[in-house]
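Summary of the model geometry
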Amino acid sequence: MNILVFGRDGQLGQALQKQFQSVLFQKGNNILFVGRSECDLGYPSQITNLLEGFKPQLLINAAAYTAVDQAEKEPELAFAINAGAPEVMAVYAAHYGATLLHFSTDYVFDGSKQGAYTESDKISPLGVYGKSKEAGEHAIAKAFKTATEKSGQFAIFRTSWVYGDGRNFIRTILRLAKERSMLRVINDQYGVPTSAAWLAEVVCYLALNTNQLREFHSGIYHAVPRGETSWHALACLAVQAALDDGQELQASLATIAPIPASEYPMAAPRPMNSRLSTTRLQIELERLGLVSKLPHWNTPWDEQVVSYVKHLSKN
Ligand SMILES: NC(=O)c1ccc[n+]([C@@H]2O[C@H](COP(=O)([O-])OP(=O)(O)OC[C@H]3O[C@@H](n4cnc5c(N)ncnc54)[C@H](OP(=O)(O)O)[C@@H]3O)[C@@H](O)[C@H]2O)c1
């Protein structure tokens, strides 16, 4: 099967590369990873040419415009990458009967709900990035709904607080904790840190049985590990894990001050509550007999963060 992955160099793209190196998905698949230099998603013709040439049966879009604050200044570019490009991919997939896996965000919600958001909760993004990801979700659903020829299948995975090989909150905290003793971290925004490796594993299992596509229910799935936390508690856990690992830091748990988000203004507003319910994905994985096969589906977020911090110090 021909598999095309956009976003080769991002956190999720790199995790997908590792996932596809496993023997589970190697045999019988012809996998192409593309980065910006091979296909700039700001140019729809580049995407179309690639799709028409390679003819993938499975498309995974791990690329996105993810500069949340910068997006406030360049909304056209954010919408082109986060909505225009996925639309081109979806039109192709729906037309040729291919499968599209795409990723969205907790930022499509305004964060005002008490408790975890479900896939059917009303979305109401606060900033340009969230609005552009919302537009991407709509464009994909519409392309599959209006397809007149062979209709493929799609999954949009809404995830949150992603960390992997790349710039992310945990790495920033660990760097700052080495440079200074005092840190101030927001303690009234809640969500779930998601390992890119965990996410890559989940979506590959959902979509593929070695070199066969699985038939899953098309739609939106919330995809985050078990549990929830605040940015402050996440920072404390990362610092503690680094200290337990023998790393030399200037900061300690006692010097990480909790602050309200109102004391840390940013260009783009963020949802105060980013908790995502994963019940729909759990049900779909159970229906496909995958829950017991997925190595890390039930590993809670905090165990994954501790492993990640240890892994960082060895690389
Ligand atoms: N990071 C998070 O905390 C978070 C939270 C919720 C949801 N998500 C979603 O999860 C998915 C994966 O995120 P991530 O953390 O892996 O993102 P990331 O590390 O920022 O990677 C995004 C990738 O997209 C590529 N890209 C951006 N503009 C492009 C363009 N014009 N043409 C081609 N490629 C382009 C970037 O290329 P370059 O390497 O060349 O810049 C980068 O490799 C995205 O859909 C994101 O919206 C992320």
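In what follows, the structure referred to is the one given above.
What this report covers is the structure whose coordinates are included nearby. Numbering of residues begins from 1 in every chain and follows the order in which that chain's sequence is written. In keeping with the model being predicted, local features are shown solely for residues with a pLDDT of at least 70 and side-chain atom pairs are shown and tallied solely at 80 or more, while totals for entire chains, interfaces and linings include all residues. The basis for the side-chain values is all heavy atoms of the structure; hydrogens and waters are excluded.

Okay, the overall build of the protein next. Helical segments are the DSSP runs of H or I of at least four residues, strand segments are the runs of E of at least two, and each set is numbered from the N terminus. A tally of regular secondary structure across the protein gives 10 helices and 14 strands. Taken against the 2.2 N^0.38 rule, which gives 20 Å for 315 residues, the C-alpha radius of gyration of the protein at 19 Å falls within 12% of a compact globule. The dimensions of the protein, computed from C-alpha atoms along their principal axes, are 60 × 40 × 40 Å. Evaluated residue by residue, the protein yields a buried proportion of 53% over its 315 residues. Within the protein, residue pairs in contact and separated by at least 24 positions form 82% of the contacts whose partners lie at least 6 positions apart. Every accessible area reported is derived by Shrake-Rupley at a probe size of 1.4 Å, with residue values counting cover from the shown protein chains alone. Per element, the accessible surface of the protein, about 14200 Å² overall, is 51% carbon and sulfur. Positive charges come from Lys and Arg, negative ones from Asp and Glu, while His and the chain ends are left out of the count. By convention, the point assigned to a charge is CZ for Arg, NZ for Lys, CD for Glu and CG for Asp. The distance from the centre of the 29 positive side-chain charges to the centre of the 30 negative ones in the protein is 2 Å. C-alpha atoms define the radius of gyration, and 2.2 Å times the number of residues to the power 0.38 defines the globule rule. Each residue is placed in one exposure class: buried if its accessible area under a 1.4 Å probe, protein chains only, is under 20% of its type's maximum, exposed if it is over 50%, and partly exposed if it falls in between. Any pair of residues with heavy atoms lying within 4.5 Å of one another is described as a contacting pair.

Note on geometry: axes are C-alpha line fits, over the in-contact stretch for helices, and angles between N-to-C directions span 0 to 180 degrees. Put simply, helix H3 (residues 44-54) and helix H4 (residues 75-96) touch, their axes get as near as 9 Å, and they point 30 degrees apart. In this view, H3 runs roughly parallel relative to H4, as classed from their interaxial angle. The element H3 and its partner H4 pack so that their crossing is right-handed. On the side of H3, the interface is formed by Pro44, Ile47, Thr48, Leu51 and Glu52, while H4 contributes Ala85, Val88, Met89, Tyr92 and Tyr96. Basically, the charged four are Asp, Glu, Lys and Arg, the nonpolar ten are Ala, Val, Leu, Ile, Met, Phe, Trp, Tyr, Cys and Pro, and anything else, Gly included, counts as polar. Each residue belonging to the contact of H3 with H4 can be placed in one class, and the counts come to 8 nonpolar, 1 polar and 1 charged. Here the word oblique covers every angle except those under 35 degrees (roughly parallel), over 145 (roughly antiparallel) and from 65 to 115 (roughly perpendicular). The sense of a crossing depends on the near helix, which, turned anticlockwise from the far helix by less than a right angle, makes the crossing left-handed and, turned clockwise, makes it right-handed.

What follows deals with the site of the ligand. When we say a residue is near a molecule or strand, we mean one of its heavy atoms is within 4 Å of it. Taken together, 24 residues sit near the ligand, with Leu12, Leu41, Thr66, Tyr129 and Lys133 positioned nearest. Within 3.5 Å is the distance limit for a polar contact, defined as a pair of N or O atoms, with the added protein rule that one can donate a hydrogen and the other accept it, and that residues adjacent in sequence qualify only through two side-chain atoms. At a separation of 2.8 Å, an oxygen atom of the ligand approaches a polar side-chain atom of Lys133. When the free accessible area of the ligand is taken as 910 Å², the share hidden by the protein chains comes to 82%. Looking at the shell around the ligand, the element that brings in the most residues is strand E4 (residues 99-105), giving 3 residues.

Moving on, we come to the packing of aromatic side chains. Classification of ring pairs uses Phe, Tyr and Trp, with its six-membered ring standing for Trp, and accepts pairs whose centres are within 6.5 Å; under 30 degrees between planes counts as stacked, over 60 as edge-to-face, and the remaining range as tilted. In total, this model carries 11 aromatic pairs according to the counting rule given. Ring centres of Tyr107 and Tyr129 lie 5.8 Å apart, and the angle between their planes is 85 degrees; on these two criteria the pair is classed as edge-to-face. Taken together, the residues Tyr107 in the loop between E4 and helix H5 (128-146) and Tyr129 in helix H5 connect sequence positions 22 residues apart. Considered together, Tyr107 and Tyr129 belong to a single accessibility category, that of buried residues.

Moving on, we come to the layout of surface pockets. Space inside the second largest pocket adds up to approximately 420 Å³. Elements that contribute at least two residues to the lining of the second largest pocket include exactly helix H1 (11-21), helix H7 (196-207) and helix H10 (301-313). Among the residues making up the lining of the second largest pocket, the classes are represented as 6 nonpolar, 10 polar and 4 charged. Whether a set of points on the 1 Å grid over the protein atoms alone is a cavity depends on a 1.4 Å probe fitting there but being unable to get out, while an open set qualifies as a pocket with protein on both sides within 12 Å along at least five of seven lines; lining residues are those with an atom within 4 Å of a point. Grid points are joined across faces, edges and corners, and a volume is the space filled by probe spheres set on the points.

Moving on to the packing of H4 against H5. Running from amino to carboxyl end, H4 crosses H5 at an angle of 15 degrees, the nearest separation of the two axes being 8 Å. By the criterion of interaxial angle, the relationship of H4 to H5 is roughly parallel. Where H4 crosses over H5, the handedness of that crossing is right-handed. Contacts between H4 and H5 involve Pro75, Ala78, Phe79, Asn82, Ala83, Pro86, Glu87, Ala90, Val91, Ala93 and Ala94 on the former and, on the latter, Val128, Tyr129, Lys131, Ser132, Lys133, Ala135, Gly136, Ala139, Ile140, Ala143 and Phe144. Broken down by class, the residue content of the contact of H4 with H5 amounts to 16 nonpolar, 3 polar and 3 charged.

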